[in-house]
Amino acid sequence: MMNPINVQSQLDECFAVAFPELSAAEIPQATMESVEMWDSLATLTLVSVVEETFQIRIPLDELPNLISYAAVSDFVNCPSRAAA
Amino acid sequence: MLLFDALKTIRARSTGDEEPIRFSLLCGLTPLHLRTFLTAELLQRMPAQGVDVQIGLFGDLIGNIERSIESPPNGAAVVIEWSDLDARLGFRSAFGWRPNCMADIVQSLTLRIGQLRNALVQLAESTPIAVSMPTLPLPPMFTAPGGSADITALQIRHQLQDLSIQLHAANRIRVVDPQRLDAVSPPGERFDAASELRSGFPYTNQHASALASQLAELLRPATALKGLITDLDNTLWSGIVGEDGVDGISWDLDRHTQQHALYQEMLASFAEIGVLVAVASRNDPAVVGEALRRRDLIVPAEKLFPVEANWGPKSQSVARILQAWNISADSVVFIDDSPIELAEASAAFPELNCRQFPVDDEAAVVELLYELRDLFGRTSVVSDDSLRIESIRAASELKSQETDSEAFLAAADAEISFEWNQPDERCLQLVNKTNQFNLNGRRIDEFTWHRQQQDPECFVLAVSYRDRFAPLGKISVVSGRHSESTLYVDSWVLSCRAFSRRIEHAVLAALFQRFGVDRLQLDFAATSRNGPMRTCLTELLGTEPVSGPVDLTREIFQNNCPNLYARVSDDEPDQCSIAA
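Residues numbered from 1 in each chain as written. Chains lettered and ligands numbered in written order. Predicted model: local features only at pLDDT ≥ 70, side-chain atom pairs only at ≥ 80, totals over all residues. Heavy atoms only, no water.

(A) Structural context of the overall build of chain B. A tally of helices and strands in chain B yields 22 helices and 18 strands. Scaling as 2.2 N^0.38, a compact globule of 580 residues should have a C-alpha radius of gyration of about 25 Å, and chain B matches this with 27 Å. Taken along its principal axes, the extent of the C-alpha atoms in chain B is 85 × 70 × 45 Å. Counting over 580 residues, chain B shows a buried share of 52%. By element, 50% of the accessible surface of chain B is carried by carbon and sulfur atoms, the whole surface being about 25,600 Å². The centroid of the 52 positive side-chain charges in chain B is displaced by 3 Å from the centroid of its 78 negative side-chain charges. (Helix = DSSP H or I, 4+ residues; strand = E, 2+ residues; numbered from the N terminus. Rg over C-alpha atoms; globule rule 2.2 N^0.38 Å. Buried < 20%, exposed > 50% of the residue type's maximum accessible area, 1.4 Å probe, protein only. Areas by Shrake-Rupley, 256 points an atom, 1.4 Å probe, with all protein chains shown as cover. Lys, Arg positive; Asp, Glu negative; His and termini not counted. Charge placed at Lys NZ, Arg CZ, Asp CG, Glu CD.)

(B) Structural context of the environment of Pro140 of chain B. All names here are of chain B. Within the secondary structure layout, Pro140 lies in the loop between strand E4 (129–132) and helix H6 (151–169). Assessed through its relative accessible area of 63%, Pro140 is described here as exposed. Residues Pro140 and Asn353, spaced 213 residues apart in sequence, show a C-alpha to C-alpha distance of 47 Å. The contacts of Pro140, once residues within four sequence positions are left out, are Phe91 and Trp97. (Contact = heavy atoms within 4.5 Å.)

(C) Structural context of the nonpolar core. Counting residues in each nonpolar core, the largest one holds 62 residues, and the members touching the most others are Phe15 and Val50 of chain A together with Leu34 of chain B. Residue contacts for Leu34 of chain B: discarding those within four places in its chain leaves Leu25, Leu29, Val79, Phe201, Tyr203, Ala208, Leu211 and Ala212 of chain B. One finds Phe305, Trp325, Val463 and Leu508 of chain B within the second-largest nonpolar core, a separate group that totals 58 residues. (Core = buried A, V, L, I, M, F, W, Y, C linked by side-chain atoms within 4.5 Å.)

(D) The side chain of Thr434 of chain B, seen in detail. All names here are of chain B. Residue placement: Thr434 occurs in the loop between helix H18 (425–433) and strand E12 (437–438). According to the relative accessible area criterion, Thr434 is buried, its value standing at 7%. Within the structure, the side chain of Thr434 is placed 2.6 Å from the backbone oxygen of Leu430, a separation counted as a polar contact. In this structure Thr434 touches Arg443, Val493 and Leu494, once residues within four positions along its chain are discounted. (Polar contact = N/O pair within 3.5 Å; in protein donor to acceptor, adjacent residues only side chain to side chain.)

(E) Structural detail: the pairing of strand E11 (residues 415–420) of chain B. All names here are of chain B. Burial of the side chains of E11 is restricted to one face: Ile416, Phe418 and Trp420 are buried, whereas none of Glu415, Ser417 and Glu419 on the reverse face is. Strand direction decides the pairing type here: E11 and strand E13 (residues 458–466), joined by six bridges, are antiparallel. When the bridges of E13 are listed, Glu415 appears paired with Arg466. Both E11 and strand E18 (residues 567–570) contribute to a ladder of four bridges, which runs parallel. Across the sheet, the residue bridging to Ser417 is Ser569, located in E18. (Pairing = 2+ DSSP bridges.)

(F) How the structure looks around helix H20 (residues 503–515) of chain B. Residue and element names in this part refer to chain B. The terminal C-alpha atoms of H20 lie 18 Å apart, and with 13 residues this matches the ideal 18 Å at 1.5 Å per residue to within 8%. In terms of residue burial, H20 counts as a mostly covered element, since 12 of its 13 residues are buried. Here H20 has its buried residues at Ile503, Glu504, His505, Ala506, Val507, Leu508, Ala509, Ala510, Leu511, Phe512, Arg514 and Phe515. Taken from the residues just after H20, Gly516 is the one with a positive phi, measuring 60°. (Expected span 1.5 Å × (residues − 1).)

(G) Inspection of the sheet that holds E4 of chain B at higher detail. All names here are of chain B. Sheet architecture is open: five strands sit in the order E2-E1-E3-E4-E5, paired in parallel fashion. Both edges of this open sheet fall to strand E2 (51–55) and strand E5 (173–175), since each of them pairs with a single strand only. The mean inter-strand angle of the sheet, taken between neighbouring strand axes irrespective of direction, is 20°. Strands strand E1 (21–27) and strand E3 (75–79) of the sheet are contacted by helix H3 (residues 61–70), whose axis makes an angle of about 155° with E1. Sitting on the sheet, helix H5 (residues 102–124) is in contact with E1, E3, E4 and E5, with an inclination near 155° to E4. (Axes fitted to C-alpha atoms, helices over the stretch in contact; angles between N-to-C directions.)

(H) A negative patch on the surface, seen in detail. A contiguous patch of negative charge, built from Asp360, Asp361, Glu362 and Glu367 of chain B, is present on the exposed surface. Under the relative-accessibility criterion, Asp361 of chain B is labelled partly exposed at 36%. (Patch = residues over 30% accessible without salt bridge, like charges linked within 9 Å, V, L, I, M, F, W, Y side chains within 5 Å. Salt bridge = Lys/Arg side-chain N within 4 Å of Asp/Glu carboxyl O.)

(I) Seen up close, the packing of aromatic side chains. Using the criterion set out here, one finds 16 aromatic pairs over all chains in the structure. Seen in terms of ring centroids, Phe437 of chain B and Trp492 of chain B are 5.1 Å apart; in terms of plane orientation they differ by 80°. Their pairing is edge-to-face. Within this pair, whereas Phe437 of chain B is found in strand E12, its partner Trp492 of chain B is found in strand E15 (residues 486–494), the two being separated by 55 residues in sequence. Both residues of the pair, Phe437 of chain B and Trp492 of chain B, count as buried. One aromatic cluster in this structure is built from Phe15, Phe19, Trp38 and Tyr69 of chain A. The ring centre of Trp420 of chain B lies 4.1 Å from the NZ or CZ of Arg514 of chain B, which sits over that ring. (Phe/Tyr/Trp six-rings, centres within 6.5 Å; stacked < 30°, edge-to-face > 60°. Lys NZ or Arg CZ within 6 Å of the ring centre and 35° of its normal.)

(J) Quick peek at the pattern of salt bridges. Residues and elements named next belong to chain B. Tallying each qualifying case throughout the model produces 29 salt bridges over all chains. Here Asp60 and Arg67 are joined by a salt bridge, their closest N and O atoms 3.0 Å apart. We classify Arg67 as partly exposed; its relative accessible area is 38%. Across the pair Arg481 and Asp490 runs a salt bridge whose closest N-O atoms are separated by 3.1 Å. Judged by relative accessible area, which is 23%, Asp490 ranks as partly exposed.

Here it is, written out as structure tokens:
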């Protein structure tokens, strides 16, 4: 079981490198609509970084759902959805 | 490199105001993470500069190259995949896999490859290029049964092989070594079918990272090391010569000591391309002398200089070798089978690259040989490279006879040759690897160098030297700009092999004479390693220079210039406007 505090800090790091223009305070509120640089290619980058960091595979079919920090966080915290 | 680390590298360096160095990633695929990895790899190789990697249009490799010709970047990474040569060879176009298409694919490939070659050669006229040939598997479109090579696939690969050879022959084009890429990115782990079909990015992250690293290495190659110091017992040969005797040491297949023969052959090859090779051995010098006279030694004994065989600490032998070579420890590898000897030398010279010779481990020796080849690799070998060891030996003789330097220089029968505005590869090599007699320590990339040569106000002077001891080849390069009464010297290097011959004074005299100016403005910057340049300027100016423009007038130069004895030959004597 992943430590929720560690997960959050690692996820923050993922968002920080994928969207360097976001401040630490803006990251938890980030959504595809609110972040100008967050387009479909940025999603691919974010997903790759999340996969590397958490050692999981995110099915491509999930990508349309990963449109906010909260959605990515939910996905990472749900082990049954993320294939190791 | 992980994508996370690549992004972090880019993020950490994105704060500077300085104009970034512009590169192009030219490909027909969606560059996605390949661009990220390439940017990060280039940044790691250029710690003081920003990098901007520009991309082109999806699916238009040749168009992207042609557009780059109009506005050339400082360097271009060109990534070719099968679909760039013919859409039928890719996975995003579902047609052309039927047997009756094969002949047409081979035929149209010839045309496409010709276009690609012409575009690349044209781009290379203005910028250095790193090219990777297709790295992905061909689609399952051929009719031969599994495991059997298909004639169409063989013909396609053959055409690509020909293209690689033609590109490699072109100036400023470097081709990614497929064997190296195979080693760091196994062919079966490169293709990401889902990513290719959904986003047009066909690579796994691991492959994109490996490919970017290879491309960056070709665009910004590491400076090759200059010297290798080797131990003898259980390193250059198997056995301990003092105990086993001269005939008891070996390097052959029969006694299972072939790994030492391979090592010797590598040292012989290094010596041929100008790498300095010396010996540091705790041994009886007479016994070592006898062993080095063995006629079956693969590395010629005369290529080993100096040979330090004594019972003192290795660090002292290393110190004497570095002094004879006149180079710093960070340009040198020391190889010894003994970890204690390596540790002792490393403690004295922390920058020395110390490697243990893995006795009795053939696989590790082969690995070491690959590593050494990388450390001493050269993109080209010029004729002056083979002169290096002879000139060091000559310099050593010169030092030993230096009782009366005036008399010695007068009797040296020296000739200095000046060659104006015809820079070859050796000139840029000298500028980028000389540390001690270097005006400001600044390195110049191929693109900038090439641009400078095209400016009519700029000049390049290449200087060669020979005397009765040996020819030194091309040993100094000066470049700068001429404007009215002042000559601006932007870059000036002199090889450490050519010190103490007053070549630097002859160079300055030539500059005053050719351009007829009364003042040289030298763009000097003190570095941690250019003490010899500082000393030269201090002697000429009468005061230590500070970093910034340094003025040297004709009058001061003439007052402080020592006697010059060398004959001068100038390839453009008529260009001289005022006699010095």
